[in-house]
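Survey of secondary and tertiary structure
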Amino acid sequence: MATYNAPLKDMRFVLDELLQLEQFADLPGFAEAPPDVVAAILEEAGRLASEVLMPLNAVGDHHGCTLVEGEVTTAPGFRQAYRLYAQGGWTGLTASPEFGGQGLSHLLGIAVREIMTSANLAFSMFAGLTHGAVNAIANGGTDTQKALFMPPMIEGRWTGTMNLTEPHCGTDLGLLRTRAEPQADGSYRISGTKIFISAGEHDLAENIIHLVLARLPDAPPGVKGISLFIVPKFLVNADGSLGERNAVRCGSLEEKMGIHGNPTCVMNYDGATGYLIGQPHQGLRVMFVMMNGARLAVGVQGLSLASVAYQNAADYARERLQGRAPGSAMTPAQPADPIVKHPDVQRMLLTQRAFVEGGRALTYWAGLQVDLAHKHPDPDTREAASDLLGLLTPMIKAYCTDKGVECTGLAMQCFGGHGYIREWGMEQFQRDARITPLYEGTNGVQAMDLAARKLRLDEGRAMRRFLKLVDQFCDAHDDELMEAGALRQALADLVMAVEYMGSADAHAIAAGAVDFLHLTALVAFALQWAKMAVIARHHLAQGSVDSDFYHAKLTTARFFFERILPQTSLHRQRIDSGAATFKAFDPEQF
């Protein structure tokens, strides 16, 4: 069975040394959690994850969820674990204190999310979706809606969902058909079917608050005619007590490749009572708050699954004896050497490690931008953070999930045939990870968001900021950064790609979008790895007592710059090739 221990040391390295949390101590959410409090929170999260959630990961996968007469029962142990989770205050960690939350930083929330998701992706999705629904209500709801729905959701007594997709429309929400009929009392009757609704029905909470996209009778066609509604499983009285069951039911559960512990539901709305959030026909504006948060969260899922898979692969590789390593035997007294000594296994482990540690640095940096964009008193700082976050969101969602799939596959490969066997737990990580490039907007959609929209937004201001950050870092650390040449070459590849995409036609942009996203993400990873290398060299030069940690950090950085970062050249060449081949191929030939 797979195990998990939160990588607290590396998490603290990113928070304390790379991001230097102490310099943000005056900001809301940071002032309440100084480094010692952050350390205690992460340690307790790690304990809950390893002792409670991780043992349930295989249970959820094996048992799944069951549907009987519209009611879903979760896997054994999930209800008790959720009760512990909610009682521990984890559901309100970053939520507004005005409604019962702790108001801590989004960055800390990202770190805790990584821990919980590594231990049990299916379980973590219940709280993650609720967090997104709370943010959407906070952003677009009336004062009455906020007071009525947010406190019990933050407390964990109620959970939340996001209802976008319908049988005939996924990414193209302009085709949405669910109807909302106005009623005399100011409510609406919601009718339609939604599919792929994670945690749409379950037995963990007293109530489920569905956020549903639907059309009013006078709605214009396309995405400009979509409104957003709160549709509770149980109607809520004015005093917050629960009323009668609403006309919304789970029609069926999807039979899935992975995340069996979380129910993916077909939800039928048969004249269910709903309440408008925000303005009519402006539902996407409110929902995008939830969607953007969800995309970052899914990127963290890719990182988290890669992290736990890497841990288990490294442990296995140190113990498994097979063959003799090149050169002299590592363990001459035994009939074979540990496979960790074989270069190809080292290649696979280092590839995983370079992604996990680089991805942790990048996702935490993005989490910090969320806090700065919303809480910093200086408007220029808020603008810069918002620009960076706009670039990082599709990048993290797509690149971190693509690499999460790759790394869970490499971890599985380290086990050889045992990786294919259920009892080791590795094949579950691979199956669970495979959903992440698909939901919350496929990775191809994320690539188009970056290449066709974010790149041009505000005349390219966000990308210019990012390129300048990398260039300035290289200038500031040329003398001490051995990898500066590789970073500058990668930056040059990105600059050329930006220039090409800025003048290309729509076909060429679409053809090169995925490569452009990966190229940009590689440079973003390289910036984080360069910063970590500078810190590690400084500690080693000072004779740090923790030299093993910093040597490992430096070696992993070297592997990234030598073996992974050169891929920027390949991506640039692919982008430069344009769309001629795509245009020349007759669709009937596929």
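Bear in mind the structure is a predicted one, so any value in this text is a computation, not a measurement.

**A look at the overall build of the protein chain**
- Looking only at helices and strands, the protein chain features 17 helices and 11 strands.
- Referenced to the eigenvectors of the C-alpha coordinate spread, the extents of the protein chain come out at roughly 80 × 60 × 55 Å.
- Across the 590 residues of the protein chain, 57% fall into the buried class.
- Relative to all contacts within the protein chain whose residues are 6 or more apart in sequence, the contacts with residues 24 or more apart total 73%.
- Split by element, the accessible area of the protein chain, about 24300 Å² in all, is 53% carbon and sulfur.

**A word on helix 13 (residues 484-503)**
- Compared with an ideal rise of 1.5 Å per residue, which puts 20 residues at 28 Å, helix 13 spans 29 Å between its outermost C-alpha atoms and is within 8% of the ideal.
- Among all positions of helix 13, only A484, L487, A490, L491, D493, L494, A497, V498 and M501 are buried.
- The inward-facing, buried residues of helix 13 contact helix 11 (443-454), helix 12 (461-477), helix 14 (506-541), helix 15 (547-564) and helix 16 (567-576).

**What about the pattern of salt bridges?**
- Within the structure shown, the criterion is met by 38 salt bridges.
- In this structure, R245 engages E71 in a salt bridge whose closest nitrogen and oxygen atoms are separated by 3.0 Å. Note that R245 is positioned in strand 9 (residues 242-245) and E71 in strand 2 (residues 71-73), a separation of 174 residues in sequence.
- Taking the shortest distance from any N to any O, the salt bridge between D337 and R324 comes out at 2.9 Å. Taken together, the residues span a long stretch of sequence, with D337 in the loop between helix 7 (283-319) and helix 8 (343-375) and R324 in the loop between helix 7 and helix 8 at a distance of 13 residues.
- R324 gets classed as partly exposed once you look at its relative accessible area, which sits at 37%.
- Salt bridges sharing common partners tie together D10, E114, R353, E357, R360 and K553.

**Section: unusual backbone geometry**
- Phi angles above zero are rare outside glycine, and D458 is one such case at about 50 degrees.
- In this structure, D458 sits in the loop between helix 11 and helix 12.
- The backbone of E459 sits at a positive phi, close to 60 degrees, despite the residue not being glycine.
- Here E459 is to be found in the loop between helix 11 and helix 12.

**Examining the nonpolar core**
- One finds F516 and F560 to be the most contacted residues of the largest nonpolar core, which totals 151 residues.
- The element contributing the most residues to this core is helix 14, with 20 residues.
- Contacts of F560, omitting those with residues within four sequence positions, involve A354, L522, F525, A526, W529, L565 and P566.
- Counting residues in hydrophobic clusters, the runner-up holds 31 residues, among them F99, M153, L164 and I209.

**Topic: the pairing of strand 9**
- When strand 8 (residues 234-236) meets strand 9, the two strands line up antiparallel, connected through 2 bridges. The residue of strand 9 that forms the bridge with V236 is L242.
- What sits between strand 8 and strand 9 in their antiparallel hairpin is a turn of 5 residues, with G240 showing a positive phi close to 90 degrees.

**Details of the pairing of strand 4 (residues 179-182)**
- Here strand 4 pairs with strand 5 (residues 188-198) via 4 bridges, running antiparallel. The residue of strand 5 that forms the bridge with E181 is R189.
- Following strand 4, the chain reverses through 5 residues before pairing antiparallel with strand 5; G186 in that reversal takes a positive phi of roughly 95 degrees.

**Comments concerning the packing of aromatic side chains**
- Using the criterion set out here, one finds 16 aromatic pairs in the structure.
- Ring centres 5.6 Å apart and planes at 80 degrees place the aromatic pair Y85 and F123 in the edge-to-face group. You can see Y85 sitting in helix 3 (residues 78-87) and its partner F123 sitting in helix 5 (residues 121-140), a full 38 residues away along the chain. Grouping residues by exposure puts Y85 and F123 together as buried.
- Feature note: the residues F78, Y82, Y85 and F123 constitute an aromatic cluster, connected by ring pairs.
- The ring of F234 has R245 sitting right over it, with the charged end atom 5.6 Å from the ring centre.

**A few points about the packing of helix 12 against helix 14**
- Between helix 12 and helix 14, whose axes approach to 11 Å, the crossing angle comes to 35 degrees. By crossing handedness, the relation of helix 12 to helix 14 is classed as left-handed. Each of M463, F466, V470, F473 and H477 in helix 12 lies in contact with helix 14, whose residues at this interface are F516, T520, V523, A524, L527, A530, K531 and V534.
- Its residues placed into classes, the contact of helix 12 with helix 14 shows 10 nonpolar, 2 polar and 1 charged.

**Some details on helix 11**
- Burial in helix 11 covers these residues: N443, Q446, A447, D449, L450, A451 and K454.
- Each element contacted by the buried residues of helix 11 is listed here: helix 7, helix 9 (379-414), helix 13 and helix 14.

**Some points on the side chain of T161**
- Here T161 lies in strand 3 (residues 158-163).
- Relative accessible area serves as the criterion here: at 0%, T161 is assigned to the buried category.
- When neighbours within four sequence positions are excluded, T161 is seen to be in contact with A133, I197, S198, A199, G200, I208, I209, H210, L211 and M290.

Thresholds, definitions, all that
Residues numbered from 1 in each chain as written. Predicted model: local features only at pLDDT ≥ 70, side-chain atom pairs only at ≥ 80, totals over all residues. Heavy atoms only, no water. Helix = DSSP H or I, 4+ residues; strand = E, 2+ residues; numbered from the N terminus. Buried < 20%, exposed > 50% of the residue type's maximum accessible area, 1.4 Å probe, protein only. Contact = heavy atoms within 4.5 Å. Areas by Shrake-Rupley, 256 points an atom, 1.4 Å probe, with all protein chains shown as cover. Expected span 1.5 Å × (residues − 1). Salt bridge = Lys/Arg side-chain N within 4 Å of Asp/Glu carboxyl O. Core = buried A, V, L, I, M, F, W, Y, C linked by side-chain atoms within 4.5 Å. Pairing = 2+ DSSP bridges. Phe/Tyr/Trp six-rings, centres within 6.5 Å; stacked < 30°, edge-to-face > 60°. Lys NZ or Arg CZ within 6 Å of the ring centre and 35° of its normal. Axes fitted to C-alpha atoms, helices over the stretch in contact; angles between N-to-C directions. Left-handed = near helix turned anticlockwise from the far one by under 90°. Nonpolar A, V, L, I, M, F, W, Y, C, P; charged D, E, K, R; others polar.

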